[in-house]
Amino acid sequence: MTAVGNTRQALQLWRDVLAHMIRDDRPDLTARQLAIVLTVYLGTPPHTVRGLSTGLSMPKPAVTRALDALVRQGLVKRARDEKDKRNVLVQRTVKGSIFLSDFGETVLSKQSGLYQEETP
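Below, the structure is looked at part by part. (Residues numbered from 1 in each chain as written. Predicted model: local features only at pLDDT ≥ 70, side-chain atom pairs only at ≥ 80, totals over all residues. Heavy atoms only, no water.)

**Some remarks on the side chain of Gln 33**
Part 1 of the argument: In this structure, Gln 33 sits in helix α2 (residues 31–42).
Part 2 of the argument: By relative accessible area, which is 10% here, Gln 33 ends up buried.
Part 3 of the argument: Looking at Gln 33, its side chain comes within polar contact range of the main-chain nitrogen of Thr 30, at 3.0 Å.
Part 4 of the argument: Those residues in contact with Gln 33 that sit more than four places away from it in its chain are Asp 28, Ala 66, Ala 69, Leu 70 and Gln 73. (Helix = DSSP H or I, 4+ residues; strand = E, 2+ residues; numbered from the N terminus. Buried < 20%, exposed > 50% of the residue type's maximum accessible area, 1.4 Å probe, protein only. Polar contact = N/O pair within 3.5 Å; in protein donor to acceptor, adjacent residues only side chain to side chain. Contact = heavy atoms within 4.5 Å.)

See below:
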């Protein structure tokens, strides 16, 4: 497959996953919010606003706004760092774990569908 074909296939996969996610009764996340959720759930804790900001090359206020929305949706929670009270830790939740598991399953399912469509 050519680079253009690979690019088109990747974009089609992303479109299919997003279309599926907005049809269901799941949280409708921005790209920034999804990047933060993926970082929190795939990366090794602890996570702080400063660490997320640095790791994702985003300004701290943008991370804070995204976290506010994610906390309201129950996908992450904030907790005071017991070792350093100045830090706020960003932690996983059960709802967030379920969301991300479903998201991963959707990606796999849509990816399989793309490959099945290609074969005659």
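Next, the rest of the story.
**Re the nonpolar core**
Part 1 of the argument: If you look at the biggest cluster of nonpolar residues, it comprises 22 residues, and the most contacted ones within it are Ile 36, Leu 67 and Leu 70.
Part 2 of the argument: Contributions of two or more residues to this core are made by α1 (3–23), α2, α3 (49–56), α4 (60–72) and α5 (94–118).
Part 3 of the argument: It is α2 that contributes the most residues to this core, five residues altogether. (Core = buried A, V, L, I, M, F, W, Y, C linked by side-chain atoms within 4.5 Å.)

**Let's talk about unusual backbone geometry**
Part 1 of the argument: Cis geometry is found at the peptide bond from Pro 45 to Pro 46, where omega equals 5°.
Part 2 of the argument: By secondary structure assignment, the location of Pro 46 is in the loop between α2 and β1 (47–48).
Part 3 of the argument: The phi dihedral of Ser 57 is positive, around 55°, even though this residue is not glycine.
Part 4 of the argument: As for its placement among the helices and strands, Ser 57 is situated in the loop between α3 and α4.

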